[in-house]
Amino acid sequence: MDIHKEVDARGLNCPLPILKAKKALADMASGQLLKVLATDSGSLRDFQAFSRQTGNALVEQKTVGDEYVHVLRRR
């Protein structure tokens, strides 16, 4: 995967990871990929809902140790 931008939201609780992702996506071109690193377990369902509501595709979600990795494709 060719990640165009990465956001480090580790240590931040809801809704900050979503807000940081939203701000980053606003500066990206359609089709580009955004990777978000988070430690809030609630971010798994938050990014699923965010994807449904905004139309930005949730390409990948995975758990690596105590971190959650979310990859979104800009609509």
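Colleague: An account of the overall build of the chain is requested, with residue identities and associated values reported.
Modeller: Across its full length, the chain carries two helices and four strands. Its C-alpha radius of gyration of 11 Å places the chain within 12% of the 11 Å reference for a compact globule of 75 residues. The burial tally for the chain puts 33% of its 75 residues in the buried class. For the chain, contacts bridging at least 24 residues in sequence account for 64% of all contacts bridging at least 6. A total of about 4300 Å² of accessible surface is found on the chain, and carbon and sulfur atoms cover 46% of it. Averaged over its 12 positive side-chain charges, the chain has a centre that lies 7 Å from the centre of its 9 negative ones.

Colleague: Give a description of unusual backbone geometry that names residues and reports values.
Modeller: Following cysteine 14, the chain continues to proline 15 via a peptide bond in cis, the omega torsion being 5°. Mapped onto the secondary structure, proline 15 falls in the loop between strand 1 (3-9) and helix 1 (16-26).

Colleague: Which residues make up the pairing of strand 3 (residues 57-64), and what are the values?
Modeller: For strand 3 and strand 4 (residues 67-73), the ladder comprises seven bridges, and the chain directions are antiparallel. Residue pairing across strands places alanine 57 opposite arginine 73, the latter belonging to strand 4. Taking the residues between adjacent antiparallel strands as the criterion, strand 3 and strand 4 are bridged by two residues, where glycine 65 takes a positive phi near 65°.

Colleague: With reference to specific residues and values, describe the pattern of salt bridges.
Modeller: Under the defined criterion, the tally for this structure stands at two salt bridges. For arginine 10, the salt bridge goes to aspartate 8, with nearest N and O atoms at 2.8 Å. Arginine 10 sits in the partly exposed class, given a relative accessible area of 37%. Accessibility expressed as a relative area gives 42% for aspartate 8, which makes it partly exposed.

The rules behind the values
Along each chain, residue indices are assigned from 1 in the same order as the chain's sequence is written. A pLDDT threshold of at least 70 governs which residues receive local features in this predicted model, and a stricter bar of 80 or more applies before side-chain atom pairs are shown or counted, although totals over entire chains, interfaces and linings include all residues. Side-chain descriptors were evaluated using all non-hydrogen atoms of the structure, hydrogens and water having been removed beforehand. Secondary structure elements are defined from DSSP: runs of H or I of at least 4 residues count as helices, runs of E of at least 2 residues count as strands, and each element is numbered from the N terminus. Radius of gyration: over C-alpha atoms. The globule rule applied is 2.2 Å multiplied by the number of residues raised to the 0.38 power. Accessible area is worked out with a 1.4 Å probe on protein chains only. A residue is then buried under 20% of its type maximum, exposed over 50%, and partly exposed in between. Here a residue-residue contact requires only that any non-hydrogen atoms of the pair lie within 4.5 Å. A 1.4 Å probe and the Shrake-Rupley method give the accessible areas. Residues count as covered only by the protein chains that appear here. Under the convention used here, Asp and Glu are negative, Lys and Arg are positive, and both His and the chain ends fall outside the count. Lysine's charge is taken at NZ, arginine's at CZ, aspartate's at CG and glutamate's at CD. Two strands pair if DSSP finds at least two bridges between them. Note on definitions: salt bridges are taken to be side-chain nitrogens of Lys or Arg within 4 Å of carboxyl oxygens of Asp or Glu.

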